[in-house]
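Breakdown of the fold
The primary structure of each chain is shown beneath.
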There are 2 protein chains.
Amino acid sequence: MKTYSISQAAKELNLTAYTLRYYDKEGLLPFVDRSESGTRQFKEKDIDALRIIECLKSTGMPIKEIKHFIDWCAEGDSSLQQRYNMFLERKACVEAQMEELKKTMEMIDHKCHYYETALEAGTEKIHQEVKMEFPEY
Amino acid sequence: MKTYSISQAAKELNLTAYTLRYYDKEGLLPFVDRSESGTRQFKEKDIDALRIIECLKSTGMPIKEIKHFIDWCAEGDSSLQQRYNMFLERKACVEAQMEELKKTMEMIDHKCHYYETALEAGTEKIHQEVKMEFPEY
DNA sequence: TTAATCCTTATAGTTAACTCTAAGGCAAGA
DNA sequence: TCTTGCCTTAGAGTTAACTATAAGGATTAA
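Residues numbered from 1 in each chain as written. Chains lettered and ligands numbered in written order. Predicted model: local features only at pLDDT ≥ 70, side-chain atom pairs only at ≥ 80, totals over all residues. Heavy atoms only, no water.

**Remarks on the overall build of chain A**
Each helix and strand counted, chain A has 6 helices and 3 strands in total. Its helices and strands taken in sequence order, chain A reads β-α-α-β-β-α-α-α-α from the N to the C terminus. Once the C-alpha set of chain A is aligned to its principal axes, its extents read approximately 80 × 35 × 25 Å. Counting every position in chain A, which comprises 137 residues, the buried fraction comes to 38%. Summarising the internal contacts of chain A: among those between residues at least 6 apart in sequence, 48% fall at separations of at least 24. Accessible surface for chain A amounts to roughly 8500 Å². Of this, 53% is attributable to carbon and sulfur atoms. Computing the positive centroid from 20 side-chain charges and the negative centroid from 25, chain A places the two 7 Å apart. (Helix = DSSP H or I, 4+ residues; strand = E, 2+ residues; numbered from the N terminus. Buried < 20%, exposed > 50% of the residue type's maximum accessible area, 1.4 Å probe, protein only. Contact = heavy atoms within 4.5 Å. Areas by Shrake-Rupley, 256 points an atom, 1.4 Å probe, with all protein chains shown as cover. Lys, Arg positive; Asp, Glu negative; His and termini not counted. Charge placed at Lys NZ, Arg CZ, Asp CG, Glu CD.)

Rendered as structure tokens:
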């Protein structure tokens, strides 16, 4: 079975070897086996697990909370409900982030339009004048 | 014209007074006027500007870069093009974030389904067995 | 064999964005 | 008047997540 060295694994995941060692130190990688001389040997399955870790991180989950999940995984079937609940919470969190991002996009679009108009007119004053004639709402 | 004290402004923006003073120190709030005794007096327009600052922050823009935008605003019409370009870049950035979030959501959904199936079966093993019969792609 | 290039552990430093403390000024209500 | 509760400044402390250094061991390529 193919294994990856720490730097190969890092490359695969767009991380650094430093980061992977840091994750290991924080207890995120208890499943990674070592060679006789103590070198970490990342299996394909470990890379997949790390992709899940990165996914959780991208939802804004701090490393200490991700560790709870990793611990639950080691516990086996008795923690299935907790793990399911965690993913449901993450789902809600991501949905909220999507909503936020939509609002952000609306503001950015509004500003893009603001500057397009200003550039056409050659001055930002165009917006002040418009507002004086047609007060906002 | 109504003005807000720093703590009122903070409340309005869901920030703390500490944070607003920090922003000021970093040069993000040169437009905020002071009373005779030196107290910051936030105008409605200033609150709106802070909402834009928060919007930029939510796109992942660091405070030092936001300062460039604030400086451009003070420069007037000569920086219109730069400011427009900046918002176009932010737009692209937010679009990329949306794509990322979509991928994250797909993984989360996949995991939710994984745990639903496992909970029904009472064990995670159901997934290993399935994989043995029908290898993945 | 010798240098390069990996790897290890332990520990220190960095960065961003706050977050708070200390010391003190001002103004309104009891 | 005096206490409460704002406000100010300067500067120190915190936190998360890296990021790097030091000291040294093992493996590979010329």
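**Notes on the interface of chain A and chain B**
With 37 residues of chain A at the interface, the matching set in chain B holds 37 residues. Across the interface of chain A and chain B, roughly 3400 Å² is buried in total on both sides, 75% from carbon and sulfur atoms. When the buried surface of chain A facing chain B is broken down by residue, Tyr 84, Leu 101 and Tyr 115 of chain A rank first, second and third, together holding 18% of it. One can count 4 salt bridges joining chain A with chain B. Measuring nitrogen to oxygen at the nearest pair gives 2.5 Å for the salt bridge that ties Lys 91 of chain B to Asp 109 of chain A. Of all the secondary-structure elements, those providing two or more residues to the side of chain A that touches chain B are helix H3 (44-58), helix H4 (63-75) and helix H5 (80-121) of chain A. Class assignment for the residues of the side of chain A that touches chain B results in 19 nonpolar, 7 polar and 11 charged. (Buried area = accessible area lost by both parts, 1.4 Å probe. Salt bridge = Lys/Arg side-chain N within 4 Å of Asp/Glu carboxyl O. Nonpolar A, V, L, I, M, F, W, Y, C, P; charged D, E, K, R; others polar.)

**Considerations on the relation of the copies chain A and chain B**
Between the two copies, chain A and chain B, the superposition gives an RMSD of 0.1 Å; the rotation angle is 180° and the shift along the axis is 0.0 Å. Here the copies are linked by what is in effect a two-fold axis. Closest approach to the rotation axis among the C-alpha atoms of chain A is made by Met 98 of chain A, whose C-alpha sits 3.6 Å away. Mapped onto chain B, 100% of the interface residues of chain A again fall at the interface, so both copies present the same surface. (Least-squares fit on C-alpha atoms with pLDDT ≥ 70 in both.)

**Here's the deal with the sheet that holds strand S2 (residues 33-34) of chain A**
All names here are of chain A. On the basis of which strands lie adjacent, the open sheet formed by 3 strands has the order S1-S3-S2 and antiparallel pairing. For this open sheet the edge positions go to strand S1 (3-4) and S2, each flanked by a neighbour on one side alone. Here S2 runs beside strand S3 (residues 40-43); their pairing, made up of 2 bridges, is antiparallel. Bridge pairing in S3 links Asp 33 to Gln 41. (Pairing = 2+ DSSP bridges.)

**Let's talk about the packing of H3 of chain A against H5 of chain A**
All names here are of chain A. Packing of H3 against H5 brings their axes to within 10 Å, and their N-to-C directions diverge by 50°. By the angle class used here, H3 and H5 are oblique. Residues Ile 52, Leu 56 and Ser 58 of H3 form the contact with H5, whose own contacting residues are Met 86, Phe 87, Arg 90 and Gln 97. Residue composition of the contact of H3 with H5, grouped by class: 4 nonpolar, 2 polar and 1 charged. (Axes fitted to C-alpha atoms, helices over the stretch in contact; angles between N-to-C directions. Parallel < 35°, antiparallel > 145°, perpendicular 65-115°, else oblique.)

Distances and angles like these do not, on their own, reveal function.
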